[in-house]
Amino acid sequence: MAARMKFICDTERCIDCNGCVTACKNEHETPWGVNRRRVVTINDGVPGERSVSIACMHCTDAPCLAVCPTNCIYHTEDGIVLHSKDQCIGCGYCYYACPFGAPQFPETGMFNHRGKMDKCTFCAGGPEPDTSEAEFKKYGRNRIAEGKLPACAEMCGTKALLGGEANLIADIYRQRVETRGYGPELWGWKIAYGRPKRGGEVQAKGDLPRVNQDIGDAQNGGERFPQ
């Protein structure tokens, strides 16, 4: 089964240095005003302040893909969400559908006057031949074809931003949080990262009863968060 490539940003490690943003701009030479990645600070200046690096999250069930009228957005075998600029009409539907604000446009204006959509490609280029000049001009460098990880993740000084095969980076994040000692205190922890005590699969998929949850425990009570 093909790998699913994903990003995870560890907010306990992100220091709002914007190194990932700079690395992305430098690697792909994106035009002025187009930022494939950005750092957002939550609770700025108050206790509990956190920063998180945001770009296209390459959703398994991508809303941008569902609303595109020209079907220019597609999944690769690795689960990376890419698009064809030749098919894009600049309608902006993907921008409104994306909860992360990932789609970017070089111009501001009404329908069909924004230019071709641009977004994070997980450094995987586009539909043109791998590492070709045409691919670089439209989508930036194809580091995945070169056997490398995305530039943003590789350049992260604190390794807050992880990019790669979903199961591997999830294991890294799980180990970090368990080492910090408050994994079970996080909402949804047992569903996303929990392991059954007696082995087997986590029964938290589809419409099955989520027997790994206890009513009133930490993941079901939003009032309990790590300090």
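Computed from a predicted structure; not experimentally measured.

Peer 1: Would you mind showing me how to read the overall build of the protein here?
Peer 2: In terms of regular secondary structure, the protein is built from seven helices and six strands. Helices and strands appear in the protein in the N-to-C order β-α-β-β-α-β-β-α-α-α-β-α-α. Scored against the burial criterion, the 227 residues of the protein give a buried share of 42%. Sequence-distant contacts, at least 24 apart, represent 50% of the contacts inside the protein between residues at least 6 apart.

Peer 1: Hey, could you run me through helix H1 (residues 19–28) in this one?
Peer 2: In an α-helix there are 3.6 residues to a turn, and that puts residues three or four apart on one side. Those residues of H1 not exposed but buried are Cys20, Val21, Ala23, Cys24, Glu27 and His28. Down the axis of H1, the buried set is contained in an arc of 165°. They therefore lie on one face. Of the exposed residues in H1, those oriented more than 90 degrees away from the buried face are Thr22 and Asn26. Buried residues along H1 sit in contact with strand S2 (38–42), strand S3 (50–54), helix H4 (133–139), helix H5 (151–155) and strand S6 (161–165).

Peer 1: How do you make sense of the packing of aromatic side chains when you look at a structure like this?
Peer 2: Each aromatic ring pair is summarised here by two numbers: the centre-to-centre distance and the angle between the ring planes. Taken as a whole, this structure holds two aromatic pairs when the rule is applied. Aromatic pair Phe7 and Phe122: ring centres 4.5 Å apart, planes at 40°, arrangement tilted. Of this pair, Phe7 sits in strand S1 (residues 5–9) while Phe122 sits in the loop between helix H3 (93–97) and H4, placing them 115 residues apart in sequence. Of the two residues, Phe7 and Phe122, both sit in the buried class. Note on Tyr95 and Tyr96: the rings are 5.6 Å apart at their centroids and 80° apart in plane angle, and the pair reads as edge-to-face. Classification of Tyr95 by relative accessible area gives partly exposed; the value is 40%. One residue, Arg37, lies across the ring of Phe7, its end atom 4.6 Å from the ring centre.

Peer 1: How should unusual backbone geometry be read in this particular structure?
Peer 2: Glycine aside, the phi torsion of most residues is negative, and most peptide linkages are trans. Phi at Cys123 is positive, roughly 55°, even though this residue is not glycine. Residue placement: Cys123 occurs in the loop between H3 and H4. Look at Lys159: it is not a glycine, yet its phi comes out positive at around 55°. Along the polypeptide, Lys159 turns up in the loop between H5 and S6.

Peer 1: Would you mind showing me how to read the pattern of salt bridges here?
Peer 2: When the charged atoms of two side chains lie near each other, side chains of opposite charge can form a pair. Summed over all chains, the structure comprises 12 salt bridges. Between Lys148 and Glu146 there is a salt bridge, and its shortest N-O distance comes to 3.4 Å. The exposure class assigned to Lys148 is partly exposed, which follows from its relative accessible area of 39%. Its relative accessible area of 35% is what places Glu146 among the partly exposed residues.

Peer 1: Sorry if this is basic, but what is going on with the nonpolar core here?
Peer 2: Nonpolar side chains in soluble globular proteins tend to be buried together. Among the nonpolar cores identified, the biggest contains 32 residues, and Ile73 and Leu161 are the most heavily contacted of them. Every element with two or more residues in this core is listed here: S1, H1, S3 and strand S5 (81–83). Ranked by residues supplied to this core, first place goes to S1 with three residues. Listed in part, the five residues of the second largest apolar core include Leu162, Ile169, Tyr173 and Val177.

Peer 1: How do you make sense of the side chain of Arg174 when you look at a structure like this?
Peer 2: Relative to the elements of secondary structure, Arg174 occurs in helix H6 (residues 166–180). Separated by 2.3 Å, the side chains of Arg174 and Asp171 make a polar contact.

What counts, and where the lines are drawn
Positions within a chain are numbered from 1, following the residues in the order the chain's sequence is written. Two thresholds apply to this predicted model, a pLDDT of at least 70 for residue-level local features and 80 or more for giving and counting side-chain atom pairs, whereas whole-chain, interface and lining totals are computed over all residues. With hydrogens and water set aside, each side-chain value is computed from the structure's full complement of heavy atoms. Secondary structure elements are defined from DSSP: runs of H or I of at least 4 residues count as helices, runs of E of at least 2 residues count as strands, and each element is numbered from the N terminus. Each residue is placed in one exposure class: buried if its accessible area under a 1.4 Å probe, protein chains only, is under 20% of its type's maximum, exposed if it is over 50%, and partly exposed if it falls in between. Contacts are assigned to residue pairs with any non-hydrogen atoms lying within 4.5 Å of each other. Working note: the arc is built from the helix axis to C-beta atom directions. The criterion for an aromatic pair is that two Phe, Tyr or Trp rings (for Trp, the six-membered ring) have centres within 6.5 Å, with stacked assigned to planes under 30 degrees apart, edge-to-face to planes over 60 apart and tilted to the rest. Note on criteria: charge over ring means Lys NZ or Arg CZ within 6 Å of the ring centre, with the direction from the centre no more than 35 degrees off the ring normal. By definition, a salt bridge exists where a carboxyl oxygen of Asp or Glu is found within 4 Å of a side-chain nitrogen of Lys or Arg. Each nonpolar core is a collection of buried residues, namely Ala, Val, Leu, Ile, Met, Phe, Trp, Tyr and Cys, held together in the definition by side-chain atoms within 4.5 Å. Contacts described as polar in this section are N or O atom pairs within 3.5 Å, which, within protein, must combine one atom able to donate a hydrogen with one able to accept it, while residues neighboring in sequence count only if both atoms come from side chains.

Just geometry here; none of it tells us what the structure is for.
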